[in-house]
Amino acid sequence: MTRGLFITLEGGEGSGKSTQAKRLQAALEVRGQTVTVTREPGGSPGAEAIRSLLVTGAADRWDGMTEALLLFAARRDHVERTIKPALDAGSIVICDRFTDSTMAYQGYGHDLGREPVEQLSAIVLGDFRPDLTLILDIPVEEGLKRAVSRGGDELRYEDMDVAFHHRLRDGFLDIAKRDPERCRVIDSVGTEEEVAARLQAVILPVIESFHG
Ligand code: TMP
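Numbering of residues starts from 1 in every chain and runs along the sequence as written. Restriction of local features to residues with pLDDT of at least 70 applies here, the model being predicted, together with a cutoff of 80 or more for giving and counting side-chain atom pairs; totals for whole chains, interfaces and linings are based on all residues. Derived side-chain values reflect all non-hydrogen atoms in the structure, with water molecules and hydrogen atoms excluded from consideration.

(A) Highlighting the site of the ligand. Neighbouring residues are identified by heavy atoms, a residue being near a molecule or strand if any of them is within 4 Å of it. Around the ligand lies a shell of 14 residues, among which Glu-13, Arg-51, Arg-97, Thr-102 and Gln-106 are the nearest. Glu-13 is positioned with one of its side-chain polar atoms (N or O) 2.7 Å from an oxygen atom of the ligand. Identification of polar contacts relies on pairs of N or O atoms within 3.5 Å, with a donor-acceptor requirement for protein atoms, meaning one able to donate a hydrogen and the other able to accept it, and with residues adjacent in sequence counted only if both atoms are side-chain atoms. At 3.2 Å, a side-chain N or O of Arg-75 approaches an oxygen atom of the ligand. Accessible surface is estimated by sampling points in the Shrake-Rupley manner with a 1.4 Å probe; for residues, cover comes only from the protein chains shown. In the complex, 92% of the free accessible area of the ligand, which totals 480 Å², lies under the protein chains. Among the residues forming the shell around the ligand, the class breakdown is 5 nonpolar, 3 polar and 6 charged. By the convention adopted, Pro, Cys, Tyr, Trp, Phe, Met, Ile, Leu, Val and Ala count as nonpolar, Lys, Arg, Asp and Glu as charged, and the other residues, Gly among them, as polar.

Okay, structure coming up:
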């Protein structure tokens, strides 16, 4: 059996990743693909338990390094127990956030820097990485408006100051610039349908060439 394809969706708060992951799953399943949608932090029982430590509580609950360690502990469990088995079974895996989020949030947002995140990734994941990464880009104020109107109890990161969210957006754009083979930036301003069409325009040819 051919190994599946590992696709990650990335972006700041309110960029629409979760909605778009579901739409993408539907569009690919209609075309006969087997699709697994998962998310980080989380995606396996152990990693979901770590998620609740990260997304609730006071904004200053953890420093950048502690967050990065928690995130990579969760990621290790998620990769070993959910992502690799799905890929080995031939599924397309769509993951809502992955290591680029740690680079953007902890590396750039919390000023941990690129190197510790690269080193942790090498220790924890070796050379395992996404085949394709779509970065959903939206102006900070618009994204935060969307995120706050969504509500819920996972608002720890939305509570960071606006400068943090600007570092995040610039961080994601820098990540894309450094790795243009893997990363594509998608304009996330517009209706859900418009953004879904932009994503599919990038992903469908990749999937066709992969299976072709
Ligand atoms: P979500 O809102 O996309 O579900 O993600 C939960 C929060 O976790 C979000 O505010 C971003 C944060 N996060 C990090 O700070 N670093 C990471 O590596 C990941 C995966 C998420």
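What follows picks up the thread again.
(B) Quick look at the pattern of salt bridges. Salt bridge criterion: a side-chain nitrogen from Lys or Arg within 4 Å of a carboxyl oxygen from Asp or Glu. For the structure on display, the rule yields 17 salt bridges. One salt bridge in this structure joins Arg-81 and Asp-77, with 2.6 Å as the shortest N-O distance. Note that Arg-81 and Asp-77 are positioned in helix H3 (residues 64-88) at a spacing of 4 residues, about one turn of the helix. Between Arg-114 and Glu-118 there is a salt bridge whose closest N-O contact spans 2.9 Å. With Arg-114 and Glu-118 both in helix H5 (residues 114-125) and 4 residues apart, the pair spans about one turn of that helix. Relative accessibility thresholds used throughout: buried, under 20% of the residue-type maximum; exposed, over 50%; partly exposed, between the two (1.4 Å probe, protein chains only). Arg-114 sits in the partly exposed class, given a relative accessible area of 23%. You can call Glu-118 partly exposed: its relative accessible area is 39%. Three or more residues are tied together by salt bridges with common partners; here these are Asp-100, Arg-129, Asp-179 and Arg-182. Each helix corresponds to a stretch of at least 4 residues labelled H or I by DSSP, and each strand to a stretch of at least 2 residues labelled E; elements are numbered beginning at the N terminus.

(C) Structural context of H5. By definition here, a helix of n residues has an expected span of 1.5 Å times n minus one. Its 12 residues place the ends of H5 16 Å apart at the C-alpha level, agreeing with the 16 Å of an ideal helix rising 1.5 Å per residue. Those residues of H5 not exposed but buried are Val-117, Leu-120, Ser-121, Val-124 and Leu-125. All buried residues of H5 lie within an arc of 105 degrees about the axis, which places them on one face of the element. Facing away from the buried side of H5, by more than 90 degrees, are the exposed residues Glu-115 and Ile-123. This arc is built from the directions going out from the helix axis to the C-beta atoms.

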